[in-house]
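# Descriptive analysis of the structure
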Amino acid sequence: MAHREGIGHASSWGYACFLTVNATSVWGGIFPFLPLEFQTIEVTLTFFLAQAVALGGAFVASMWGSYYFPHGARRMMVSLSAILLFLGSACLIAAMYVAPAALVLVAAGGVLLGIGCAGMFMLWQRYFASLPPRAGNFRLIVGTAIAPFIYFALYLVPIALTAFLVPLVFVPLCGLCVALLVREIRFDQPMFEDVPRQHPRVYRQAVADYWRSALCVGSLAFAGGVIRGVALLHEEISAVVNGASMIGALLSAAVLLVLWYRISFRFGLTSVFRVVYPVMITGFLLLPFQGPVYLNLFAAFTYMVFSLVQMLMMMQCAQISRDRGINPVFIYGFFGGVAYIMQSGGFLLGWSSGLVAPAGSQWLFLISMVSSYVLGLTLLVATGTLFRAVAARGTVTANPIEFTALAPQVRAAAGDMATVPAPPKRRRNRPSASEDAGAIRDRISKQCLLLQQSHGLSLRETEVMELIARGNSMAAIAERLVISENTVRTHAKHIYTKLDIHKRQELLDMLHQLDA
């Protein structure tokens, strides 16, 4: 029922409203709906630099704050983020009417919008992470798919009205939705009860396991920032990037929903980077030799990719929080800090290249070389070619985002075990929490994988189940997986609930009933 109620759930529509505010704020203020004569290079540059520093800084500050002051992160105020978004938009509007203080107001607007958007992102991340994976991911995807329709509908409203519509209607509506949904969060989950400084090894291991994924997101954000800087020098591109970002969000959400309904699949952010890398680096290498039409198309593609990765980043961070029982603000602040700081660097490159090499197309050669170097270096790091991966004994590194097909899940729930195929043998190419996890090596591992497929268990839940079946204590499992014992107990509770059992012996009996 999660896929049905998610479409009309308030969280999906509230998140869609926030993405609309974000698209009209972070990517150039509410500039798509302000007079063109106001959008000078000085105004746009001042805004973006102020906003970028504030946005990246807010993510980094939230990461450290959630580690040292976890209870403060838990009490994140919805009203404060909404007020900052409102004041930021108000500053931009005021800048149009107070010419002597225009740049000061624009800078203030950028800072307020950057901090406000970062706060809202983390509030939504915390909410989606608190839900079961199926419901959280579905509501997130549906909200992403709805946002483009709301965004493009704004073009049907007169510009003079739209400039006030965003801060006076959409920002309060978004804040109201978040405030209501926060009441649904179960704060008794390990991710919220955890005191990071009591388990520093867990957090160090999470950063060690996922810094490559964060770097992949940051590299694609860098490419998006480069295109944004180029757009500042070419007004015809500015009209493309926002629309392309929203179209990309719609297409990626639609594809994910279709695939999710039909098949089960899992992937990670590094895998996505490897897929788009050939297209991205080819696009940058061809940039100096093509005309303005190509530049527009490539800018559109770059922003489509970043929209997809931004959505997947939230899913990945939510899964990390559930699997490892760590504060969702910490891990999302880590990913967001890397991504948006690198995006700011890309923006400065795209904008300053036109000043460094203004003659002919030399500035495009500079962009092409530096961007290709950053993408190539990221690929080497992500694949472990440049730096060998170092993981703690038994830790599964960079668990992929998991999608269990809806149709097979329904058949399995009905007890039609014959329709559930045996999981294929897979080659284990990364460390694992159990010596047998991820590969069929004996009867227990095969039985656990069969239960995983038939009852919709996640990879982490399957690992915990296998370790329980092998007689490990909660403390031993926590040590092996580098998580807290409280997190292990929560995983065990979820496993027993999905299997409709209550203790280890019932799990063993259930495993023995399956064909070896």
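The structure this text deals with has already been given above.
Let me begin by describing the structure that accompanies this report. In every chain, residue numbers begin from 1 and rise along the written sequence. Since the coordinates come from a predicted model, pLDDT governs what is reported: local features require at least 70, and pairs of side-chain atoms require 80 or more to be given and counted, while whole-chain, interface and lining totals use all residues. Just so you know, side-chain values use all the structure's heavy atoms and leave hydrogens and water out.

## Overview of the nonpolar core
What counts, and what does not: We call a set of buried residues a nonpolar core when its members are Ala, Val, Leu, Ile, Met, Phe, Trp, Tyr or Cys and they connect through side-chain atoms within 4.5 Å of each other. The cut-offs for exposure are 20% and 50% of the maximum accessible area for each residue type, with area from a 1.4 Å probe on protein chains only; residues under the lower value are buried, those over the upper are exposed, and the others partly exposed. Labels follow the DSSP assignment, with helices taken as runs of H or I lasting at least four residues and strands as runs of E lasting at least two, numbered in each case from the N terminus.
With 125 residues, the main nonpolar core has M120, W124 and F335 as its most contacted residues. For this core, the element with the most residues is helix α13 (residues 292-324), which contributes 16 residues. The next biggest cluster of nonpolar side chains, apart from the first, holds 23 residues, and it includes L467, Y496, L507 and L511.

## Some thoughts on helix α10 (residues 200-233)
Applicable threshold: How far a helix is expected to stretch is found by multiplying one less than its residue total by 1.5 Å. Throughout, bend refers to the angle between the axes fitted to the seven residues that end at a position and the seven residues that start at it.
Taking 1.5 Å per residue as the helical rise, α10 with its 34 residues ought to reach 50 Å, and the 46 Å between its terminal C-alpha atoms agrees with that figure. Within α10, the axis deviates most sharply at Y210, by approximately 50 degrees. For α10, a buried count of 27 out of 34 residues is recorded, marking the element as mostly surrounded by other parts of the structure.

## Concerning the side chain of R126
Filter applied, for reference: Counted as positive: Lys and Arg. Counted as negative: Asp and Glu. His and the chain ends are not counted at all. By definition here, a salt bridge exists when the distance from a side-chain nitrogen of Lys or Arg to a carboxyl oxygen of Asp or Glu is within 4 Å. Contacts are residue-level and defined by heavy atoms, with any inter-residue pair within 4.5 Å sufficient.
Turning to its location among the elements, R126 is positioned in helix α6 (residues 102-130). Comment: no salt bridge for buried R126; closest opposite-charge side chain is E184, at 12 Å. Not counting residues within four places of it along the chain, the set of residues in contact with R126 comprises A73, R74, R75, M76, V182, I185, F187, F192 and P328.

## Things to note about empty space enclosed by the protein
Over the atoms a probe the size of a water molecule is rolled, and this reveals where empty space is left. Rules: A pocket here means an open set of points on a 1 Å grid, computed over the protein atoms alone, that has protein on both sides within 12 Å along at least five of seven lines. A cavity is instead a set of points where a 1.4 Å probe fits but cannot get out; residues with an atom within 4 Å of a point line either one. Grid points are joined across faces, edges and corners, and a volume is the space filled by probe spheres set on the points.
Using the criterion set out here, one finds three cavities of 30 Å³ or more in the structure. The computed volume of the largest cavity comes to approximately 170 Å³. If you go around the largest cavity, you meet 16 residues; those closest to its centre are L19, S245, A249, S307 and Q310. By residue number, the principal contributor to the lining of the largest cavity is α13, which donates five residues.

## So, unusual backbone geometry
At V482, a position not held by glycine, the phi torsion is positive, near 60 degrees. For V482, the position within the fold is in the loop between α19 (474-481) and α20 (485-499). On the accessibility criterion, V482 (2% relative accessible area) is buried. Even without being glycine, D500 reaches a positive phi, approximately 60 degrees.

## Considering the pattern of salt bridges
According to the stated counting rule, one finds eight salt bridges in the structure shown. The shortest N-O distance in the salt bridge between R186 and D188 comes to 3.2 Å. Of the charged contacts, one joins E479 and R201 as a salt bridge, the two residues approaching to 3.6 Å between their closest N and O atoms. You can see E479 sitting in helix α19 and its partner R201 sitting in helix α10, a full 278 residues away along the chain.

## Side note on a nonpolar patch on the surface
To keep it simple, the criterion reads: Think of a patch as exposed residues, more than 30% relative accessible area, with no salt bridge, where like charges cluster within 9 Å and nonpolar side chains (Val, Leu, Ile, Met, Phe, Trp, Tyr) cluster within 5 Å. In this description, accessible areas are obtained by the Shrake-Rupley approach with a 1.4 Å probe, and a residue is regarded as covered only by the protein chains that are shown.
The grouping of I83, F86, L87, Y97, V98, F164, L168 and V169 at the surface amounts to a nonpolar patch, some 720 Å² of accessible area in total. For the nonpolar patch, the secondary-structure elements that each account for two or more residues are α5 (78-97) and α8 (159-182). No other element matches α5, which puts four residues into the nonpolar patch.

## Structural notes on the packing of aromatic side chains
The relation between two aromatic rings is expressed through the spacing of the ring centres and the mutual angle of the planes. For clarity, the threshold we go by: Aromatic rings from Phe, Tyr and Trp, with only the six-membered ring used for Trp, were paired whenever their centres fell within 6.5 Å, and each pair was classed as stacked if the ring planes differed by under 30 degrees, edge-to-face if by over 60, and tilted otherwise.
Applying the stated criterion across every chain, the model contains 31 aromatic pairs. Their ring planes at 85 degrees and their centres at 6.3 Å tell us that W124 and Y127 sit as a pair that is edge-to-face. Here the residue W124 and the residue Y127 both occupy positions in helix α6, the gap between them amounting to three residues, near one helical turn. This pair shows no difference in class: W124 is buried, exactly as Y127 is. Relative to F298, the ring of Y294 has its centre 6.1 Å away and its plane inclined at 5 degrees; by these criteria the two rings are stacked. Here Y294 pairs with F298, and both are found in helix α13, just four residues apart, close to one helical turn. Looking at F298, the relative accessible area reads 5%, which means it is buried. Members of the aromatic cluster, each reached through a chain of ring pairs, are Y15, F18, F59, F121, W124, Y127, F128, F306, Y332 and Y340.

## Digging into the packing of helix α3 (residues 41-68) against α10
Note the threshold: Orientation is described by axes fitted as lines to C-alpha atoms, over the contacting stretch for helices, and by angles from 0 to 180 degrees between their N-to-C directions. Under this scheme an angle from 65 to 115 degrees is roughly perpendicular, one under 35 degrees roughly parallel, and one over 145 degrees roughly antiparallel; angles in between are oblique. When residues are grouped by polarity, Ala, Val, Leu, Ile, Met, Phe, Trp, Tyr, Cys and Pro land in nonpolar, Asp, Glu, Lys and Arg in charged, and all others, Gly among them, in polar.
Where α3 contacts α10, the two axes come as close as 14 Å, and the packing angle between them is 175 degrees. Classified by the angle their axes make, α3 and α10 are roughly antiparallel. For the pair formed by α3 and α10, the contact residues are I41, T44, L45, F48 and Y67 on the first element and P200, Y203, R228 and L232 on the second. In terms of residue class, the contact of α3 with α10 is built from seven nonpolar, one polar and one charged.

## Here we look at the side chain of S372
Mapped onto the secondary structure, S372 falls in helix α15 (residues 362-382). Here S372 is in contact with I281, F284 and L285, once residues within four sequence places are set aside.

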